[in-house]
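# Per-entry structural report
Chain by chain, the residues run as shown.
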Amino acid sequence: MQEISIQLTTTPKQKPLDESKLGFGNIFTDHMFLMNYKTGEGWINPRIVPYGPIALDPAAMCLHYGQEIFEGMKAYRADDGRILLFRPEENFKRMNDSNARLCIPPVDIDFCIHALSELVKIDQEWIPHMKDTSLYIRPFVFSIDPHLGVRAANEYIFAIILSPSGSYYAEGLKPVKIYVEHKYARSVKGGTGMAKAAGNYATSLIAQEEAHAQGYSQVLWLDGAQKKYVEEVGAMNIFFKIGDEIVTPELGGSILPGITRKSVLELLRSLGYNATERLLPMQEIVDAYNNGKLDEVFGTGTAAVISPVGVLKYDDLVMNINEGNIGPVSQMLYDKLTGIQWGREEDTFGWTREIK
Ligand code: PLP
Ligand code: COI
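### Observations regarding the side chain of Thr 248
Topologically, Thr 248 is positioned in strand 13 (residues 245-249). On the basis of relative accessible area, Thr 248 is assigned to the buried category, the value being 1%. One polar contact links the side chain of Thr 248 to the main-chain carbonyl oxygen of Ile 238, over a distance of 2.6 Å. When residues no more than four places from it in sequence are discounted, the contact partners of Thr 248 are Ile 238, Phe 239, Arg 261, Leu 265, Thr 276, Glu 277 and Arg 278.

### What to know about the site of ligand 2
Around ligand 2 lies a shell formed by Phe 24, Phe 70, Gly 72, Tyr 136, Arg 138, Tyr 168, Lys 196, Tyr 201, Ala 235, Thr 302 and Ala 303. One nitrogen or oxygen atom from the side chain of Lys 196 is found 2.7 Å from an oxygen atom belonging to ligand 2. Between ligand 2 and Ala 303 there is a distance of 2.8 Å, counted from an oxygen atom to a backbone nitrogen or oxygen. Across the complex, the protein chains shield 90% of the 280 Å² of accessible surface that ligand 2 would expose by itself. A breakdown of the residues in the shell around ligand 2 according to their chemical character gives seven nonpolar, two polar and two charged.

### Details of the environment of Arg 186
Here Arg 186 is to be found in the loop between strand 9 (176-181) and helix 4 (198-213). The spatial distance from the C-alpha of Arg 186 to the C-alpha of Ala 202 is 9.4 Å, given a sequence separation of 16 residues. Aside from chain neighbours lying at most four places away, what touches Arg 186 is Gly 193, Asn 200, Tyr 201, Thr 203, Trp 221, Glu 232 and Ser 254. In terms of polar contacts, Arg 186 uses its side chain to reach the side chain of Glu 232, at 2.9 Å.

### Some words on the environment of Tyr 184
If you trace the backbone, Tyr 184 turns up in the loop between strand 9 and helix 4. When its relative accessible area of 21% is taken as the criterion, Tyr 184 is described as partly exposed. Sequence separation between Tyr 184 and Tyr 169 is 15 residues, and the spatial gap between their C-alpha atoms is 23 Å. Every residue in contact with Tyr 184, bar those within four places of it in the chain, is listed here: Ile 206, Ala 207, Glu 210, Trp 221 and Lys 227. Only 3.4 Å separates the side chain of Tyr 184 from the side chain of Lys 183, close enough to count as a polar contact.

### A short note on the nonpolar core
What tends to happen in soluble globular proteins is that the nonpolar side chains get buried as a cluster. Phe 33, Val 120, Ile 137 and Phe 158 are the most contacted members of the largest nonpolar core, which has 37 residues in total. Elements represented by at least two residues in this core include exactly strand 2 (31-38), strand 3 (42-50), strand 5 (73-77), strand 6 (83-86), helix 2 (88-101), helix 3 (109-122), strand 7 (134-143) and strand 8 (155-165). For this core, the leading source of residues is helix 3, giving seven residues. Setting aside its immediate chain neighbours within four residues, Ile 137 contacts Glu 71, Gly 72, Met 73, Lys 74, Ala 75, Leu 85, Leu 116, Val 120, Ile 160, Ile 161 and Leu 162.

### A word on helix 6 (residues 282-290)
Along helix 6, the residues classified as buried are Met 282, Ile 285, Val 286 and Ala 288. Buried residues of helix 6, viewed axially, fall in a sector of 160°; they line one side.

Rules used in this analysis
- Residues numbered from 1 in each chain as written.
- Chains lettered and ligands numbered in written order.
- Predicted model: local features only at pLDDT ≥ 70, side-chain atom pairs only at ≥ 80, totals over all residues.
- Heavy atoms only, no water.
- Helix = DSSP H or I, 4+ residues; strand = E, 2+ residues; numbered from the N terminus.
- Buried < 20%, exposed > 50% of the residue type's maximum accessible area, 1.4 Å probe, protein only.
- Polar contact = N/O pair within 3.5 Å; in protein donor to acceptor, adjacent residues only side chain to side chain.
- Contact = heavy atoms within 4.5 Å.
- Near = heavy atom within 4 Å.
- Areas by Shrake-Rupley, 256 points an atom, 1.4 Å probe, with all protein chains shown as cover.
- Nonpolar A, V, L, I, M, F, W, Y, C, P; charged D, E, K, R; others polar.
- Core = buried A, V, L, I, M, F, W, Y, C linked by side-chain atoms within 4.5 Å.
- Arc of directions from axis to C-beta.

Nothing here speaks to function; it is geometry throughout.
This is the structure:
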């Protein structure tokens, strides 16, 4: 494995004093990991350096053509002092799928997990202690050659930064309000929806802004072509409990294959639930609601964890779900998943990886 050079900061920052006020993605630790890619040389110069600005040429290709992808994962501080990652290999596998879609060269998964572990060890004092807090990990890759012709770049930076964080939503575990978007499209089949590409998020902002203005936290996207089938929410996948079925939209290339989604499906199936992935017409959700069968709706994501949905607005119909309370299945999933992630429950799936 390549040697990682390490330069420690001489001016460590003050760590957050009140962990109840962390919010999400506001504070960054003392160090970051960087490495460069050059065509013909591969990934070179892996290094851990003090956190700080990265100088870019104004013609750097990422600034013009958006060749950027990212990942999101967390390090958890267990009660017994262990530091745990949750399925990190899945994140770097998905990073390589995103890379392939955006013509970015692949990374070595084992090396990335090693680099990440070294970085987290150096900044481990930054992993918050309060319940439900963690160290959010953001690996990302962007193109840097100074060039204005449209083509795949020849030079990239891979970076990892760390951010001690609390809940993604200000609501915490309280149900969020979601607006079903039927004007704008986030992605279509054959597009980049399955990749964690920066551009997907840029195109979604206008819908999110309009939803915010009406008091909703995020939007639920429908398929881009017909606006008929449910896809996913801005920063999470979505599940519905309709009678005995717990259903989430199938992966068709236009939605992100969430690692929490996959874990929730595996958890539910291991517990004997009828958890399905299929094409899900929005009209079926409306019918289930009108027939009193829409018991629970929840989102899943690294940042969002299990996020109950209390209100779903579709056109003029405002669906109030489970009287604005978290439902029993959502609560059970939250307890089981966070139990495994924070090392409170036995990890029978082998999902966690200790950083030593
Ligand atoms: N969908 C989108 C658009 C996301 O940004 C995320 C967050 O990463 C998810 C789904 C959930 O994915 P994961 O569970 O891997 O965090
Ligand atoms: C995550 O859950 O890790 C995400 O990347 C969501 C994000 C866009 C905040």
